[in-house]
Structures are given as C-alpha cells and as structure tokens.
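# An overview of the molecular structure
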Amino acid sequence: MLNLNPERKKLILSIDGGGMRGTITIAMLAELEAMTGKTCPELFDMVAGTSTGAIIAAGFGLGLSAQELLETVYKRRLPQGFRSQPQGIWLWLRYIAGGLRSLYDLRPFLELLGPLATGKKIRDLQKPIVFMTTRDLRTNNTYYVVSKGPGATRFAEWPVSGAVAASGAAPIYFPPVLGNLIDGGVGVSGNPVLAATVEAMEYIGATDGFTDGNVIHYSLGTGYRANTLGSGEGSRLWLYNWVVYIISGFLDDTALQQVFNARTIYRGRVDVRRYNPFLQADSVRDRLGIDLTGKPDPKGLELDAYAPEEVDLMEAIGRAYARRVNWTEVGYMPWLETPDELHGQGRDGGHPLPGILPVNWRDSPYR
C-alpha cells in the first residue's frame, strides 16, 4: 500500500474546472484510493474545486469516496443529464431559439446531483474543509465559498447544491444561477490552487495545522490539450479560430500560472505539486499504455464529452496516469525540470513543459 503522507502533514487537494473531463480527475483519485487503502475524505484535510472540481470537493465534504463519485456522478448521473436534453442539430436550434444564451438547461443536472446534497448547507460540511469558487455578475467579483475559517460565516447558509451549480455555471453552456452567479473559472480561478493556498495559510492557519513546512498541496488538472499551431498557420486564422484560440489559451495559461504563482509565493512554506495528463494520442498510447484502437481521439475530449466510449476512455486515462506518477515526490510537476530531457513530451504522460522555439528573423522584413 502507498503511504501518501508518512510525515502526517496537512494535505490540500485542489481540482481544476473542466466539465465532464472531471472524469479523468476523479478516476485518478479513485485509483489513489485503491493504492492507499483510504478514501479521499480520509486522506485530505482541505479540498478546493472550481466547476467540476466543486462537484468533487462537495462530494468529499459530504463523505463520499472518489470511487462513489466516479460511479454515481460521472459515469451515471452527469451523462444522463446531457442525454436528457436535445441532441445534435436540435441542441443548436434550441440555442438559437433561446437567444444564444445557453446550450444546456441546468435543471436536469440539479435534479441529478440534488439527492447527494438534499437539505445540506455549507455549514453542514465537516471534514475535509471544502472550498469552491463562483463569480457574481453583480459585482464582477469571485467568491471563495469555504466551509471553515473566518470566511465561512458569509456562506454558511448557502445550499451545497446551489454553490456547486454556481461554480459550474459555465457561460454559453449553462445559464447563470439565480441570474447572477457563474462559473468560478471565469477569471483566474479555473485552477483554485493559489486561492486555496492563501485561504489555508493566511486565513484558516495554525488553528487547523496549516503552518509553514507542514502542508502538501496536490493540484490536479482535468487533462491538457495542446493549443498549438504549425509554423506560419497563424496567418490563415479567421474570427472563429481566434475566438477558440484565445479562450483555450486563456484557460490553459491561467491554470498553469496559478501553479507557478503558488509555488513561487509559498516556496519553502508549502510543497505544491501538480498532476495533469497530456491528452495527446501518442502520449496516451505510448506513455500510459492505453490501446486507442477503436477509441475516441483523446484530444477531442470536450467539456461535454458524455458518450459511454468517451467516459470509459477518460476513466482509463485517469487510472493509468495515477499509477505512473510519483505521489510522494516533493515539488512534483508533470514535466522534468531540465527542458533538454523532454523532447516535447511530458513526464509520466503529463502536461509537457512549454518551450521556446527559434525565430528566423533573417529573412523577414523586421530586421
């Protein structure tokens, strides 16, 4: 059995947004439970999440294991929520008829997630400490919904299901909750690692053991898809391409920068570790050992990927990645520290380290 925490430090877990790709992350955690013989509510002292990460954080706060969340929510209830709505062209026709406001109705998802949190308020969440993010359109401010510490009184009476729905109300996909609250990932908290570290170290603090040198923070992504273009391709992009590129680049950059910021600001105080599989076919096949014959392209796994074959692939990726990575290495990152050792690949099937390519200025008009 893996001893995740031999020094009995405080463990924080933070989980990025990513819609149905949260299946990858919850599968990683289910495999971690199998490796340690302990459930995630037993392993972690604080769990932070945005969007799909909020579902997982709240589930742990309600005492559910990762395996239970994987089976109940990600393999059954969430796909059912998508299947209960119009498909294909009918989905887009409803979107147009609805004034281009949101693709999906939130109610089926509330009904499916509701039984897990019926009647529960944020104040009812005990261990682990739960931390979720949402953004209020009325103030253009991100709220950090926390179940313990000085900030807890502000959100104590919030329903757990409402907080989770608000954290996951991604614009275009879902309407704002109560017309005001949207996905906490709109802004820089799609990866809540820095916000959760600040909350634990500066606000909750020593009363719960969050002290310098006594904290390990595991930051988990929902899979990285390379948002790169071939040389010269940028000259052929049009409006739609740029919109997709800018949104994807913003989400990827902010998620990564939050890790770098947390590691830099809390260097020597908190051991921040990052785990995020690379959703590239050759990496999934060669590094994780998953036969992709007859399976979807991992790069095509979208936030609303709910087809059985997609869910099965995401579970396989999460479990295989969890078995490859080193959960006990100080400062673990998805890439090696020396760029020359990478050759464009991530470590253990993880997110590759962004590199710097040479630019040929000699034959350009910018000399």
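Our subject is the structure listed above.
First, a word on what this report is: a plain description of the structure on this page. No experiment lies behind these values; they were computed from the predicted model shown.

Criteria and cut-off values
The numbers attached to residues start from 1 for each chain and follow its sequence in the written order. Whole-chain, interface and lining totals are the exception, using all residues; otherwise, since this is a predicted model, local features are given only for residues with pLDDT of at least 70 and side-chain atom pairs are given and counted only at 80 or more. Note that water and hydrogens are dropped before the side-chain values are worked out from all heavy atoms of the structure. A run of H or I in DSSP counts as a helix once it spans at least four residues, and a run of E counts as a strand once it spans at least two, with each numbered from the N terminus. Whether a residue is buried, partly exposed or exposed follows from its accessible area with a 1.4 Å probe, protein chains only, as a fraction of its type maximum: under 20%, in between, or over 50%, in that order. Residues are treated as being in contact if the distance between any of their heavy atoms lies within 4.5 Å. Per-residue accessibility takes into account occlusion by the displayed protein chains alone, with areas from the Shrake-Rupley method and a 1.4 Å probe. Positive charges come from Lys and Arg alone, negative charges from Asp and Glu alone, with His and the N- and C-terminal ends not counted. Lysine's charge is taken at NZ, arginine's at CZ, aspartate's at CG and glutamate's at CD.

As a further point, take the overall build of the protein chain. In terms of helices and strands, the protein chain carries 12 helices and 7 strands. Principal axes of the C-alpha set define a box for the protein chain whose edges measure 65 × 55 × 45 Å. Taking all 367 residues of the protein chain together, the buried fraction comes to 52%. Pairs at least 24 apart in sequence give 74% of the contacts found in the protein chain among residues at least 6 apart. A total accessible area of about 17,400 Å² is found for the protein chain, and carbon and sulfur atoms account for 55% of it. Separation of charge centres in the protein chain, based on 37 positive and 38 negative side chains, amounts to 3 Å.

A word on unusual backbone geometry. A cis geometry characterises the amide bond from K127 onward to P128, with omega recorded as 0 degrees. With respect to the secondary-structure elements, P128 resides in the loop between α6 (107–117) and β3 (129–136). A positive phi angle, near 55 degrees, is found at N140, a position not held by glycine. Tracing the chain through its elements places N140 in the loop between β3 and β4 (141–146). Given a relative accessible area of 56%, N140 falls into the exposed group. Notably, L178 is not glycine yet its phi reads approximately 60 degrees, a positive angle. Position of L178 relative to the elements: it lies in the loop between α8 (160–167) and β5 (181–183). When its relative accessible area of 75% is taken as the criterion, L178 is described as exposed.

No statement about biological role is implied by the geometric values presented.
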